[in-house]
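Now for the letters of each chain:
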Amino acid sequence: KSNVAVYWGQGYNQDRLSHFCQESTLDIIILGFINVFPEAVGDWPGSNFGNQCDGTVYEGTELLEGCHQIWEDIPSCKAMGKTVLLSLGGEGATTGVLDHETALGFPRPFQNNTIDGFDFDVESDGGHGYGSMITRFREHYASYPEENFYISGAPQCEIPDAQLGYAIDHAAFDFIWVQFYNTPSCSAASYFDLTDGFNFDAWVAVVLSSANPSAKLYIGLPADPTSAYYLTEDQVTELVGKYMLLYPDTFGGIMLWEATAADNNVDAQGLTYTEQMKEVLYY
Ligand SMILES: CNC(=N)NC(=O)NC
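Residues numbered from 1 in each chain as written. Predicted model: local features only at pLDDT ≥ 70, side-chain atom pairs only at ≥ 80, totals over all residues. Heavy atoms only, no water.

## Observations regarding the overall build of the chain
Across its full length, the chain carries nine helices and eight strands. What you see for the chain is a C-alpha radius of gyration of 18 Å, in line with the 19 Å of a compact globule of 283 residues. Along the first, second and third principal axes, the C-alpha atoms of the chain reach 50 × 40 × 35 Å. Counting over 283 residues, the chain shows a buried share of 56%. For the chain, the accessible surface area stands at approximately 12,100 Å², while carbon and sulfur atoms represent 51% of it. Here the chain holds 10 positive side-chain charges and 39 negative ones, and the gap between their average locations is 10 Å. (Helix = DSSP H or I, 4+ residues; strand = E, 2+ residues; numbered from the N terminus. Rg over C-alpha atoms; globule rule 2.2 N^0.38 Å. Buried < 20%, exposed > 50% of the residue type's maximum accessible area, 1.4 Å probe, protein only. Areas by Shrake-Rupley, 256 points an atom, 1.4 Å probe, with all protein chains shown as cover. Lys, Arg positive; Asp, Glu negative; His and termini not counted. Charge placed at Lys NZ, Arg CZ, Asp CG, Glu CD.)

Listed below in structure tokens is the structure:
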């Protein structure tokens, strides 16, 4: 079963989470972002969810306290069978888990909601701390054997990814959705131009030699048709059709950046981009 995973939380004028939970074509929803990481053990993280939340923060921190709609919607999202992950990082985030200790001390004041795991969208200051952090998450997960908890990552498409390369090699991820956009040399769009730098094959090799060779590898795509890296439904059908068949065990599905842009991107048949992607996967 291949999945459609979408980021939500940074969309322009975005709808609340429950709106997207009702969309049958979404399987995994990645909440972005915890965008401020602690500088030292005991520091608090910080968060940003765009137009959501009420702007209040925990005293003296950058961690949003009034994200009522999100916390209300997570249980219903899970009741609809969605996997809900909380993403750490995002563009311009204050990342940089300094060291092993800070990584282990990353507090988890994420309300009393149980999310299904954590996503690492580390776009700067990566390094070895993330390997330790993920290993610690795995240790925590092990004390809830009846629960399914996940770890995912969103590396850029150049190999090795400067921020997450070490973590991918040394810590077990369940899903790796490569941003086959933002980097011209290896984008999915480059599959359709003379450079043909699209490197899904090489990413499969990375996964097979990583700490979790059975991790699922997703093709990350922009949902906004004005993106320089945008692919039409026909292009995605050709690209995904080829790689889904080439690597049936490793291919996991499609990731979209991001949910609101996908909602607003409707084709002649009235299908949102997410619905188009679902058709591509089950065509
Ligand atoms: C510019 N940064 C992004 N668009 N980040 C992502 O797409 N992360 C999954």
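## Digging into the pattern of salt bridges
Enumeration according to the criterion identifies seven salt bridges in this entry. A salt bridge links Arg16 to Asp73; its shortest N-O distance comes to 2.8 Å. Residue Arg16 is located in the loop between strand 1 (3-8) and helix 1 (17-21), and its partner Asp73 is located in helix 2 (residues 68-79); the two are separated by 57 residues in the primary sequence. In this structure Arg16 comes out as partly exposed when scored by relative accessible area, which is 26%. Residue classification places Asp73 among the buried residues on the basis of a relative accessible area of 5%. Residues Asp116 and Lys78 are paired through a salt bridge, measuring 3.3 Å at the closest nitrogen-oxygen approach. Taken together, the positions of Asp116 in the loop between helix 3 (100-104) and strand 4 (117-121) and Lys78 in helix 2 put the pair 38 residues apart, joining distant regions of the chain. Three or more residues are tied together by salt bridges with common partners; here these are Lys1, Asp27 and Lys278. (Salt bridge = Lys/Arg side-chain N within 4 Å of Asp/Glu carboxyl O.)

## Some remarks on the state of the cysteines
Counted under the stated rule, the structure contains three disulfides. Between Cys21 and Cys77 runs a disulfide, and the two sulfur atoms are separated by 1.9 Å. Handedness here is read from the sign of the S-S torsion; for Cys21 and Cys77, about -90 degrees, the answer is left-handed. Of the two residues, Cys21 sits in helix 1 while Cys77 sits in helix 2, which places them 56 residues apart along the sequence. Accessibility classification places Cys21 together with Cys77 in one group, the buried group. Bridging Cys53 to Cys67, the disulfide has an S-S length of 2.1 Å. Taking the torsion about the S-S bond as the criterion, the Cys53 to Cys67 disulfide, at about 100 degrees, is right-handed. On the criterion of sequence distance, the pair formed by Cys53 in the loop between strand 2 (28-34) and helix 2 and Cys67 in the loop between strand 2 and helix 2 is long-range, its members being 14 residues apart. Owing to a relative accessible area of 1%, Cys67 belongs among the buried residues under this scheme. (Disulfide = S-S within 2.5 Å.)

## Concerning helix 4 (residues 129-142)
Taking 1.5 Å of rise per residue, 14 residues should cover 20 Å, and helix 4 covers 20 Å from first to last C-alpha, within 8% of that figure. Those residues of helix 4 not exposed but buried are Gly129, Tyr130, Gly131, Ser132, Met133, Ile134, Phe137 and Tyr141. (Expected span 1.5 Å × (residues − 1).)

## Thoughts on the sheet that holds strand 2
Taken in spatial order, the eight strands line up as 1-2-3-4-5-6-7-8 and close into a barrel, and their pairing is parallel. Ignoring strand direction, the axes of neighbouring strands in this sheet form an average angle of 25 degrees. Bridge count for strand 3 (residues 83-89) against strand 4 is five bridges, and the pairing is parallel. Following the sheet pairing, Leu86 is matched in strand 4 by Phe118. Against the sheet, helix 4 makes contact with strand 3, strand 4 and strand 5 (150-153), and its axis sits at roughly 170 degrees relative to strand 4, the strand it touches most. (Pairing = 2+ DSSP bridges. Axes fitted to C-alpha atoms, helices over the stretch in contact; angles between N-to-C directions. Contact = heavy atoms within 4.5 Å.)

Just distances and angles here, no functional claims.
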